[in-house]
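# Working through the structure, step by step
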Amino acid sequence: MTAQLACRTDALEPAEALRVELPAADGALVEVAVVRDEDGDWHAISDICSHGQVSLSDGEVEGCTVECWLHGSTFDLSTGQPLSLPAIRPVPVYPVTVDGEQVLVDVDARAN
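Residues numbered from 1 in each chain as written. Predicted model: local features only at pLDDT ≥ 70, side-chain atom pairs only at ≥ 80, totals over all residues. Heavy atoms only, no water.

## Overview of the pattern of salt bridges
Inspection of every chain in the model, using the stated rule, returns four salt bridges. Ionic pairing is found between E101 and R8, a salt bridge with its closest N-O pair at 2.3 Å. In this pair, E101 is assigned in the loop between β9 (96-99) and β10 (102-105) and R8 in strand β1 (residues 4-8), connecting sequence segments 93 residues apart. For E101, a relative accessible area of 49% gives the class partly exposed. The shortest N-O distance in the salt bridge between E31 and R19 comes to 2.6 Å. (Salt bridge = Lys/Arg side-chain N within 4 Å of Asp/Glu carboxyl O. Helix = DSSP H or I, 4+ residues; strand = E, 2+ residues; numbered from the N terminus. Buried < 20%, exposed > 50% of the residue type's maximum accessible area, 1.4 Å probe, protein only.)

Okay, structure coming up:
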């Protein structure tokens, strides 16, 4: 599968996140947090925290990070790496393309 529409550019302001479900090539639905960082850059990471199994899109976006609302772990939006405990495992990061007013994510081509 290739990049597919996750949302439109007017769906998020800087420092906001949105949960979407996108089908993978194998037919499974992938829960993705589409995030616009404070600088306005777009990111797509797994919406599921690697520690608490909760939605990262419900967390706070600061700079180029998102904080899990349950236990406070922060994740780098570019790499998926955890930057604070209690999370110790990274979350998947997916390639994002902005094409006009469309934000496209490829869940089959993980960036990490």
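Next, the rest of the story.
## Focus on the sheet that holds β1
Strand pairing within a sheet occurs via backbone hydrogen bonds; the two strands may be parallel or antiparallel. Strand order in this open sheet of three strands is β1-β10-β9, and the pairing throughout is antiparallel. The open sheet has two edge strands with one neighbour each: β1 and β9. On average, each strand axis in the sheet is tilted by 35 degrees relative to the strand beside it, whichever way the strands run. Pairing between β1 and β10: four bridges, direction antiparallel. Paired with R8 across the strands is Q102, a residue of β10. (Pairing = 2+ DSSP bridges. Axes fitted to C-alpha atoms, helices over the stretch in contact; angles between N-to-C directions.)

## With respect to the sheet that holds strand β3 (residues 29-36)
If you walk across this open sheet you meet the four strands as β2-β3-β4-β8, and the pairing is antiparallel. Both outer strands of the open sheet, β2 (16-23) and β8 (93-94), are each paired with one neighbouring strand and no more. One ladder, built from two bridges, connects strand β4 (residues 42-46) with β8; its direction is antiparallel. By the bridge assignment for β8, I45 is matched with V93.

Limitation: the analysis is restricted to geometry and does not speak to function.
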